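# Per-entry structural report
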Amino acid sequence: MPIDALREALPDFAWDQKRNLDAVITETLLSDQQRWGCLLACAYATDNPTLIRHMESAAGPLLSDKARNAAKLAATLMAMNTVYYGALNLLDNHDYRGAPANLSMTALSQTDVDKIDFELWAFAISAMAQCGACLNVHESELHKRGVTLERVQAALRIAASVSAMNTALRIKQATAA
């Protein structure tokens, strides 16, 4: 199974992350596309080639070409939005909040995957980037569409797990002799 390669790539000290990986890949609150798309989108958001390669290998066969592309769209769109809206949220001067962003965000209206799936992926990436403004927008959109707190938390657990795996792999890469 391709996910075994990712588990094996994690260093020994990351035994919690190995357990969390097993937990999130067997999560039953999300559909397969929601779960694996979220894992892949979060991996793309890490910028870690090792993590991305392993996650593509594991998730790729389980997702359609359109879903894989939508995961890339979510990662790149949220890379932009978490910087822009995260900065607006941090600024003491609130005058910027009323001005148009003038940034292309057509990916938000993509139709290659269900809107809920895309919103879950965007929400998870927002959590990884710690962008409160983006988190609240996507969480609100998910609740408007009837997504339960438990399903939102499942996406949050995926984001947390991918973030921790990224850190473990970066430590391993940095300390390798």
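What comes next is a walk through the structure. Here the structure is a predicted model, which means the values were calculated and not measured.

Conventions used here
Residues numbered from 1 in each chain as written. Predicted model: local features only at pLDDT ≥ 70, side-chain atom pairs only at ≥ 80, totals over all residues. Heavy atoms only, no water. Buried < 20%, exposed > 50% of the residue type's maximum accessible area, 1.4 Å probe, protein only. Helix = DSSP H or I, 4+ residues; strand = E, 2+ residues; numbered from the N terminus. Arc of directions from axis to C-beta. Contact = heavy atoms within 4.5 Å. Axes fitted to C-alpha atoms, helices over the stretch in contact; angles between N-to-C directions. Left-handed = near helix turned anticlockwise from the far one by under 90°. Nonpolar A, V, L, I, M, F, W, Y, C, P; charged D, E, K, R; others polar. Salt bridge = Lys/Arg side-chain N within 4 Å of Asp/Glu carboxyl O.

### Concerning helix 2 (residues 15–25)
Looking only at helix 2, the buried set comprises Gln 17, Lys 18, Leu 21, Val 24 and Ile 25. Buried residues along helix 2 cover an arc of 130 degrees about the axis, so they all sit on one side. Residues of helix 2 that are exposed and point more than 90 degrees away from the buried face comprise Trp 15 and Arg 19. Residues of helix 2 that are buried make contact with helix 1 (2–9), helix 3 (32–46) and helix 8 (149–175).

### Notes on the packing of helix 3 against helix 6 (residues 115–129)
The geometry of helix 3 relative to helix 6 is characterised by a closest axis approach of 9 Å and an angle of 35 degrees between their N-to-C directions. Crossing of helix 3 over helix 6 shows right-handed handedness. Mapping the contact onto sequence places Gln 33, Gln 34, Gly 37, Cys 38, Ala 41, Cys 42, Ala 45 and Thr 46 in helix 3 and Ile 116, Asp 117, Leu 120, Trp 121, Ala 124, Ile 125 and Met 128 in helix 6. Among the residues making up the contact of helix 3 with helix 6, the classes are represented as 10 nonpolar, four polar and one charged.

### Quick notes on helix 1
When we look at burial in helix 1, the residues that qualify are Ile 3, Leu 6, Arg 7 and Ala 9. Looking straight down helix 1, one finds its buried side chains confined to an arc of 165 degrees; they lie on one side. If you follow the buried residues of helix 1, they end up packed against helix 2, helix 3, helix 4 (49–59) and helix 8.

### What to know about the pattern of salt bridges
A side chain of one charge can pair with a side chain of the opposite charge when the charged atoms of the two come close. Summed over the entire model, instances satisfying the criterion amount to seven salt bridges. Notably, a salt bridge pairs Arg 68 with Asp 65, separated by 2.0 Å at the nearest N-O pair. Taken together, the positions of Arg 68 and Asp 65, both in helix 5 (residues 65–90) and three residues apart, correspond to about one turn of that helix.

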